[in-house]
Amino acid sequence: MDIRFQNTSGGEWRAACTLVFLPENSTLEACSPALLNQAPWLGISPALQDVKGKKNEQTTLYGHPDLALPKVLACGLGPEKKLTMQAFRLAVAAAAQTCRKKGYETLAIPAENAAFVATLLGTTRIAVLKEAVTAALLGLYRSTAFKSAPKADAPEEKDPRTLSILFTEKETPDADHRAVREGEAEAAGVLFARDLSNAPANALTPADLAEKATCLAKRHGFTCTVLDEEEMQRLGMGALWAVGRGSALPPRFIVLEHCPKGKENDAPIVLVGKGITFDTGGISLKPSANMHEMKGDMGGAGAVLGFFEALGQMPASEELPRVIGLVPTAENMPSGHATRPGDIVTTLSGKTVEILNTDAEGRLILCDALTYAQQQWKPKALINAATLTGACVIALGDLGTAVFTKEGKLRGAILDAAEQTGDLVWPLPLWEEYDPNLDSDIADIANIGPREGGALHAALFLQRFIEEGTRWAHLDIAGPGYVVKKTALHPVPGGTGMGVRLFCQLIRTLSKAVFA
Ligand code: BES
Ligand code: MN
Ligand code: ZN
C-alpha cells in the first residue's frame, strides 16, 4: 500500500473510504471539522446515530457513491482518559483490515484528525501520523509466500492500494512527510522480520539467511561479509561451529555495516541477533509438541536484519550513527556429527565451554559473536536480541521482553524506546551471586546453570564474554518474538518482528542523547 499526501489547495479530497478516529462523547465535527466541509453529507448521515466512540466500534457512513468522499469509517477509541498510543495503533490496524475485507481500494486519514488524537495523547500530529501509517501497514500484513494460490473463498480481499493523508491548505505538511516515510520504513523492516520468522527451516537455511542479508546490503548500499564454516574454524569460533556441525546445512556468520560518510572512525553501535533457523535441541532433543515453532528461533536475527531493512528505507539523515549488525546463524540438529552433551569447545574468546545441554545453543552462537564484536571494534554499545530461554516466557509471559544490563543509561534508553514503540520490556537482574552456578568442573564455563532463574543464568553466561568497559545489553525475546495469539497489529500467528521498531527508536536516542 502506497502512502500519499493530498492537500485541498490541489482540489477536493478524494478517497473511497476516509477513516476518522474519535473517543467517547465526541463528535465527528470536533474530531475533523474540515472533513465535514469536504463531505457535508456527513452531517445528516443516518448512521451517525450509531457513532458513540466506543472502543472497537466501527461505523460506516455512506454518501452518494459518485462523491469524491463517498464513505467514512468512524472508529471508536473508547474513553478519552484511558486512551493510549497502543490503543490507537490497534484501532488503525483494525480499520485497515475492515477496508480490505470490504474491498475499499483507496483510504485516507485527515491530518487534523491525527492532530486531534495527538492532543488527547499529549503528543504531536507528526507522531500520530507516523504511528497510523505503521499500524495500517502492520495490520495488513499477510504471509503469502507459501500459498499456491490466493484463497478462493475470499476473492474480494484485495489490499487497499493507497492511504492518503489529507491536509487543508492551512496546514504545512513538511515534517509530516518525513515522519510518514519513517513509519513506512519501520513497517517494512517489521514485515521483513516477520517473513523470516514465518519461513520454515527448509526454506530459510543459514545460507539462505546470509543470502537475504547480502541482497539487503546490495539494495541499500550497506557492506556485508559472510563467514562460512571454514573461516569460522580458522578464526576459532568453536562454539558457533559446534552448534552448526550437527546439521547438513552449514552455519554462517553475517556482518552487516551501515557507515555514514565521515563516520568511518567512529565507535559503532553493534547489534547482535540469534539466528538459529531451527532448534531441535540437538542431541538434548526437545519434546515434539509444538516443535515447529522453533523455526522462529531466529527472531533475534530478524530484529537485526529487519532493523537494517528499515534503516535502508529511512529518509536520509545525518543523525544516524555507524551501526554494525552481527548474525551468527546455524541449525541445531542431532546427528552423527552433532555435538554431544559433555563435549568441550574453545570459544573465540579462548575460554572453554562444557556443553552440558545442546539445547542451550543460543548462548553458544552468541558468545562468539559478542567476542567478535569486541575484538573488531570498541562498540559504543553492544546489544543483542535472542529468543534465548523458555524461562523468560515463564517469567514475563508471551509478550514480555527481558532486558539485562548493568548500564543504567542504556537500560533507561531501552525502556524509553519500548515505551515509544508499545513493546513490553522489563529489566531482570544479573545477580553475581548466581554467576558461580555456571562454573564447570573441567572447563572454564558450563553452558547451563540450574533451571531456576533460567533466563538469568543464560544472561550471566553471555556476560562472561563481555570485557570490562563494554556497554552491553541483552534482550531475551523468546516470548514476543513468535506469538501464536493474533491481534490487529499482528494478524498472522507466528513471527512478530519484535525488536525492529525498538532498535530503530533506540538508535535515534542513543546517538542523540545517551552517548553524545
Ligand atoms: N530457543 C530456545 C528458547 C525458546 C523457548 C525460545 C521457547 C522460544 C520459545 C533455546 O534455545 C532453548 O532451548 N533454551 C533452553 C535452555 C535450557 C536447556 C537451559 C530452554 O529454555 O529450555
Ligand atoms: Mn535450544
Ligand atoms: Zn534456541
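Just so we're clear, the structure is a prediction, and the values are computed from it rather than from any experiment.

## So, the overall build of the chain
- Looking only at helices and strands, the chain has 15 helices and 20 strands in total.
- Relative to the globule expectation of 24 Å for 516 residues, the C-alpha radius of gyration of the chain, 24 Å, shows essentially globular dimensions.
- Viewed in the frame of its principal axes, the chain has a C-alpha envelope of about 80 × 50 × 40 Å.
- Scored against the burial criterion, the 516 residues of the chain give a buried share of 58%.
- Surface exposure of the chain reaches about 21300 Å², of which carbon and sulfur atoms provide 52%.
- Both charge centroids of the chain, one from 51 positive and one from 59 negative side chains, sit 4 Å from each other.

## So, the coordination of the zinc ion (ligand 3)
- Around the zinc ion (ligand 3), the protein contributes the donor atoms Lys274 (NZ), Asp279 (OD), Asp297 (OD) and Glu361 (OE), at 2.0 to 2.4 Å from the metal centre.
- Note that the zinc ion (ligand 3) binds six donor atoms; their angles at the metal cover 78 to 173 degrees, and the shape is octahedral.
- In the primary structure, the donors to the zinc ion (ligand 3) are separated according to the pattern K-x4-D-x17-D-x63-E.
- Taken as a pair, the zinc ion (ligand 3) and the manganese ion (ligand 2) show a spacing of 3.2 Å, with Asp279 coordinating each metal. Residue Lys274 is located in the loop between β9 (269–273) and β10 (275–279), and its partner Asp297 is located in the loop between β10 and α10 (299–313); the two are separated by 23 residues in the primary sequence.

## Here we look at the site of ligand 1
- Close to ligand 1 lie 15 residues, the nearest being Asp279, Lys286, Asp359, Glu361 and Gly390.
- Within the side chain of Lys286, an N or O atom sits 2.8 Å from an oxygen atom of ligand 1.
- Asp359 has a polar side-chain atom sitting 2.8 Å from an oxygen atom of ligand 1.
- Looking at the shell around ligand 1, its residues break down into four nonpolar, four polar and seven charged.

## Quick word on the coordination of the manganese ion (ligand 2)
- Asp279 (OD), Asp359 (O), Asp359 (OD) and Glu361 (OE) make up the full set of protein donors to the manganese ion (ligand 2), lying at 2.1 to 2.2 Å.
- Because the angles between the six donor atoms bound to the manganese ion (ligand 2) fall within 70 to 169 degrees, the donor set is best described as irregular.
- Residue class for Asp279 comes out buried when judged on its relative accessible area of 3%.

## Let's talk about the domain arrangement of the chain
- Each domain of the chain was delimited in the assignment, giving domain 1 (2–147 + 162–167) and domain 2 (186–510).
- Centre-to-centre separation of domain 1 and domain 2, based on C-alpha positions: 38 Å.
- Here domain 1 meets domain 2 over a buried area of about 1500 Å², counting both sides, of which 65% is carbon and sulfur.
- Summed over the three residues of domain 1 that lose the most area to domain 2, namely Leu138, Tyr141 and Phe146, the buried surface amounts to 45% of that side.
- Remark: the boundary between domain 1 and domain 2 carries two salt bridges.
- Two residues, Arg501 and Glu131, come together in a salt bridge whose shortest N-O distance is 2.8 Å.
- The tally of links from domain 1 across to domain 2 stands at seven residue pairs in polar contact (both at pLDDT 80 or more).
- At the level of secondary structure, the elements contributing two or more residues to the side of domain 1 that touches domain 2 comprise α3 (85–102) and α5 (125–139).
- In terms of residues, the side of domain 1 that touches domain 2 owes the most to one element, α5, which gives seven residues.

## Some points on the nonpolar core
- Ranked by size, the top nonpolar core spans 94 residues in total, and within it Phe21, Ile383 and Leu510 carry the most contacts.
- In terms of residue count, the dominant contributor to this core is α3 (nine residues).
- For Phe21, the residues in contact, after removing those within four places along its chain, are Cys31, Cys75, Leu77, Phe88, Ala91, Val92, Ala95, Ile109, Asn113 and Val117.
- Among the nonpolar cores identified, the runner-up in size contains 48 residues, and Val243, Ile324, Leu348 and Leu364 belong to it.

## Topic: unusual backbone geometry
- The residue Asn56 is not glycine, and still its phi comes out positive at about 70 degrees.
- Mapped onto the elements of the fold, Asn56 is located in the loop between α2 (33–38) and β3 (58–62).
- In this structure, Asn290 takes a positive phi of about 60 degrees despite not being glycine.
- Judged by its relative accessible area of 52%, Asn290 is exposed.

## Notes on the packing of aromatic side chains
- What the rule picks out here adds up to nine aromatic pairs.
- Ring geometry for Phe253 versus Tyr372: centroids 4.9 Å apart, planes at 70 degrees, classification edge-to-face. Taken together, the residues span a long stretch of sequence, with Phe253 in strand β8 (residues 252–258) and Tyr372 in helix α11 (residues 362–376) at a distance of 119 residues.
- On the basis of relative accessibility, which here comes to 0%, the residue Phe253 falls in the buried class.
- When its relative accessible area of 10% is taken as the criterion, Tyr372 is described as buried.
- Chaining the aromatic ring pairs together yields one cluster made of Phe222, Phe307, Phe308 and Phe503.
- Between Lys351 and the ring centre of Phe465, over which it is positioned, the NZ or CZ distance is 5.8 Å.

## A few points about the pattern of salt bridges
- Per the stated rule, a full pass over the model turns up 28 salt bridges.
- The salt bridge partner of Glu171 is Arg125, with a shortest N-O separation of 3.6 Å. Placement of Glu171 in the loop between β6 (162–167) and α6 (174–198) and of Arg125 in helix α5 is noted, with a sequence separation of 46 residues between them.
- A network of salt bridges, in which partner residues are shared, links Arg89, Lys130, Glu131, Arg178, Glu182, Glu186, Arg501 and Arg508.

## Remarks on the pairing of strand β4 (residues 71–76)
- Burial within β4 is extensive, with six of its six residues counted as buried.
- Neither face of β4 is left uncovered, since the one carrying Lys71, Leu73 and Cys75 and the one carrying Val72, Ala74 and Gly76 both have all their residues buried.
- Of the pairings in the sheet, the one linking β3 to β4 comprises five bridges and is antiparallel in character. Bridge pairing links Thr59 to Ala74 in β4.

Definitions and cut-offs
- Residues numbered from 1 in each chain as written.
- Chains lettered and ligands numbered in written order.
- Predicted model: local features only at pLDDT ≥ 70, side-chain atom pairs only at ≥ 80, totals over all residues.
- Heavy atoms only, no water.
- Helix = DSSP H or I, 4+ residues; strand = E, 2+ residues; numbered from the N terminus.
- Rg over C-alpha atoms; globule rule 2.2 N^0.38 Å.
- Buried < 20%, exposed > 50% of the residue type's maximum accessible area, 1.4 Å probe, protein only.
- Areas by Shrake-Rupley, 256 points an atom, 1.4 Å probe, with all protein chains shown as cover.
- Lys, Arg positive; Asp, Glu negative; His and termini not counted.
- Charge placed at Lys NZ, Arg CZ, Asp CG, Glu CD.
- Donors = N, O, S within 2.8 Å, 3.2 Å for Na, K, Ca; no water.
- Tetrahedral: all angles 85-135°; square planar, octahedral: opposite > 155°, others 65-115°.
- Near = heavy atom within 4 Å.
- Polar contact = N/O pair within 3.5 Å; in protein donor to acceptor, adjacent residues only side chain to side chain.
- Nonpolar A, V, L, I, M, F, W, Y, C, P; charged D, E, K, R; others polar.
- Domains from an automatic or database assignment.
- Buried area = accessible area lost by both parts, 1.4 Å probe.
- Salt bridge = Lys/Arg side-chain N within 4 Å of Asp/Glu carboxyl O.
- Core = buried A, V, L, I, M, F, W, Y, C linked by side-chain atoms within 4.5 Å.
- Contact = heavy atoms within 4.5 Å.
- Phe/Tyr/Trp six-rings, centres within 6.5 Å; stacked < 30°, edge-to-face > 60°.
- Lys NZ or Arg CZ within 6 Å of the ring centre and 35° of its normal.
- Pairing = 2+ DSSP bridges.

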